[in-house]
Amino acid sequence: MTESIKKGLEGVLVAESSLSYIDGDAGELIYRGYSIDDLARSTSYEEVLYLLWYGELPDADALAEFKHAMAEARELDDSVHRLIEDLAAADEEPMAATRSIASALSATDPDATPDTDPTDLDANLRKGRRITAKLPTALAAFTRRRNGNDPIAPRADLDHAANFLYMLNDDEPDEVLADTFDMALVLHADHGLNASTFAAMVTASTLSDLHASVTSAIGALSGSLHGGANQDVMEMLKEVDDSEKDPLKWVREAMANGRRIPGFGHRVYNVKDPRAYLLSERSKALGEAAGEMKWYNYSTTIEEEMIEETGIAPNVDFYSASMYYQMGIPIDIYTPIFAMSRVGGWIAHVLEQYEDNRLIRPRARYVGEQGQSVPPIEKR
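Residues numbered from 1 in each chain as written. Predicted model: local features only at pLDDT ≥ 70, side-chain atom pairs only at ≥ 80, totals over all residues. Heavy atoms only, no water.

Moving on, we get to the overall build of the protein chain. From N to C terminus, the protein chain includes 16 helices and 3 strands. The C-alpha atoms of the protein chain give a radius of gyration of 22 Å, which matches the 21 Å a tight globule of 380 residues would have. The principal-axis extent of the C-alpha atoms belonging to the protein chain is close to 70 × 55 × 50 Å. Out of the 380 residues in the protein chain, the part that is buried amounts to 49%. Pairs at least 24 apart in sequence give 74% of the contacts found in the protein chain among residues at least 6 apart. Accessible surface, the protein chain: about 18,500 Å² in total, of which carbon and sulfur atoms supply 46%. Here the protein chain carries 36 positive and 65 negative side-chain charges, and the mean point of each set is 7 Å from the other. (Helix = DSSP H or I, 4+ residues; strand = E, 2+ residues; numbered from the N terminus. Rg over C-alpha atoms; globule rule 2.2 N^0.38 Å. Buried < 20%, exposed > 50% of the residue type's maximum accessible area, 1.4 Å probe, protein only. Contact = heavy atoms within 4.5 Å. Areas by Shrake-Rupley, 256 points an atom, 1.4 Å probe, with all protein chains shown as cover. Lys, Arg positive; Asp, Glu negative; His and termini not counted. Charge placed at Lys NZ, Arg CZ, Asp CG, Glu CD.)

So, about the pattern of salt bridges. Within the structure shown, the criterion is met by 16 salt bridges. Residues Arg146 and Asp332 are paired through a salt bridge, measuring 2.6 Å at the closest nitrogen-oxygen approach. Here Asp332 lies in the loop between α15 (316-326) and α16 (334-355) and Arg146 lies in helix α6 (residues 121-146), a separation of 186 residues in the sequence. Note that Asp157 and Arg155 form a salt bridge whose closest N and O atoms lie 2.8 Å from each other. On the basis of relative accessibility, which here comes to 55%, the residue Asp157 falls in the exposed class. The partly exposed category is assigned to Arg155, whose relative accessible area is 22%. Here the salt bridges share partners, and the residues they tie into one network are Asp109, Asp111, Arg126 and Arg130. (Salt bridge = Lys/Arg side-chain N within 4 Å of Asp/Glu carboxyl O.)

Where strand β1 (residues 20-23) and strand β2 (residues 28-31) come together, 4 bridges link them in antiparallel fashion. Each residue of the ladder has a partner; that of Ser20, found in β2, is Tyr31. The turn joining β1 and β2, which pair antiparallel and follow one another in sequence, is formed by 4 residues; a positive phi near 70° is taken by Gly27. Taking the residues between adjacent antiparallel strands as the criterion, β2 and strand β3 (residues 34-35) are bridged by 2 residues, where Arg32 takes a positive phi near 45°. (Pairing = 2+ DSSP bridges.)

A word on the packing of helix α3 (residues 60-72) against α6. Between α3 and α6, whose axes approach to 8 Å, the crossing angle comes to 65°. Relative to α6, α3 is oriented so that their crossing is right-handed. Between α3 and α6, the contacting residues are Phe66, Ala69 and Met70 on the first element and Arg129, Thr132 and Ala133 on the second. (Axes fitted to C-alpha atoms, helices over the stretch in contact; angles between N-to-C directions. Left-handed = near helix turned anticlockwise from the far one by under 90°.)

Within the secondary structure, Arg275 sits in helix α13 (residues 274-290). Overall, the relative accessible area of 2% leaves Arg275 in the buried class. Apart from residues no more than four positions distant in its own chain, Arg275 is found in contact with Leu29, Ile36, Leu187, His191, His266, Tyr269, Val316 and Arg342.

Let us now look at the nonpolar core. With 101 residues, the main nonpolar core has Tyr31, Phe164, Phe181, Ile261, Ile302, Tyr324 and Ile329 as its most contacted residues. Looking at this core, the element that brings in the most residues is α16, giving 12 residues. If sequence neighbours within four positions are ignored, Ile302 has contacts with Met236, Leu237, Val240, Val251, Ile261, Phe264 and Phe318. (Core = buried A, V, L, I, M, F, W, Y, C linked by side-chain atoms within 4.5 Å.)

For helix α12 (residues 247-256), every residue scored as buried is listed here: Pro247, Trp250, Val251 and Ala254. The buried residues of α12 occupy one face: seen down the axis, they fall within an arc of 90°. Its buried side turned inward, α12 meets α11 (229-243) and α14 (294-310). Regarding α12, its N-cap is Asp246, as a side-chain oxygen of that residue lies 2.8 Å from the backbone nitrogen of Leu248 further along. Within two residues after α12, Gly258 carries a phi angle of roughly 75°, on the positive side. (Arc of directions from axis to C-beta. Polar contact = N/O pair within 3.5 Å; in protein donor to acceptor, adjacent residues only side chain to side chain.)

Before going further, it helps to examine the sheet that holds β2. Overall, antiparallel pairing links the 3 strands, which are arranged β1-β2-β3 in an open sheet. Strands at the two margins of the open sheet, each flanked by one partner only, are β1 and β3.

So, on to the packing of aromatic side chains. Tallied over the full model, the rule gives 12 aromatic pairs. Considering the side-chain rings of Tyr50 and Phe66, the 5.6 Å spacing of their centres and the 90° angle between planes classify their relative orientation as edge-to-face. With Tyr50 in helix α2 (residues 45-54) and Phe66 in helix α3, this pair connects stretches of sequence that are 16 residues apart. On the basis of relative accessibility, which here comes to 13%, the residue Tyr50 falls in the buried class. Taking relative accessible area as the criterion, Phe66 reaches 4% and is therefore assigned buried. Aromatic pair Tyr296 and Tyr319: ring centres 6.3 Å apart, planes at 40°, arrangement tilted. Here Tyr296 is found in helix α14, whereas its partner Tyr319 is found in helix α15, with 23 residues between them in sequence. (Phe/Tyr/Trp six-rings, centres within 6.5 Å; stacked < 30°, edge-to-face > 60°.)

As structure tokens, this is what we get:
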């Protein structure tokens, strides 16, 4: 009997995980048993990291200790700063720069040595803290360097989300901005065996180390079918604005011309992405606070028309686009910010992979020629 091929491994179970669960029909996402709605409204990104890596929410003392360890790890070695300066000078694409920086972090990590067991849990937790703490510092430094500005040193007194915005803009964010960005990090922290997470797991299954696994994941996330949709959404919204057309007319014309509308549909959700509900609330609140509602209004108009005409609901990228834009974040670092958040989930899945590792090695059905003979070179 011929085995069936599952293109893209769709519907294929390859692992058991206690990290996150998605019900695509109900529009439900949970991290370790907690609903994403509850976590996004009630916890910080640091608490979610702790939950994913240690299996439980921290109490006050554990959280304070964890946040202190994260803050201590934010500084970059001079060699990484030199790399960032070179990448910025070369006008490197931001996700490619993020990939290179993540790989380079292993050179100065005291636990990333040839004699360190790649499955050593304690060492990996330390490495995970360093990678997660340093990526925001590196991304902010790269963004500033390419604009001709000096990097801003991290501050230990600010939380993870607030510190990134401070380093990016050289201005401490207000509570609304910090809380909004923190929620975005929570919502993007994990999402089952998506392409980048699976890439990290495949790399880890070879008993490569954590830095290699994270670098693989960043490479997978950089593809246009995975991580870049929110950038595409914001570019679309700016196009709507530049056209000076009514957004309803614009989207109807775009659909009539067969244009793909970014930010809609998802491989696993058959209904509206639960994260999109939360981010739409925050996008609206930011617009109201700034007295500028057009980006939110464009988004809701396009959403309503898409649902009515196609039945396809928005995903997490649709409202994160206008939300980031209203926060003053450059459009082309939206996907690196995705990586900055999802690294927490990647690390958690790699830790889980190491617990009961087996080399991930699927097969392909051969459909090529058989029985070929090599002719002499003069007869080819």
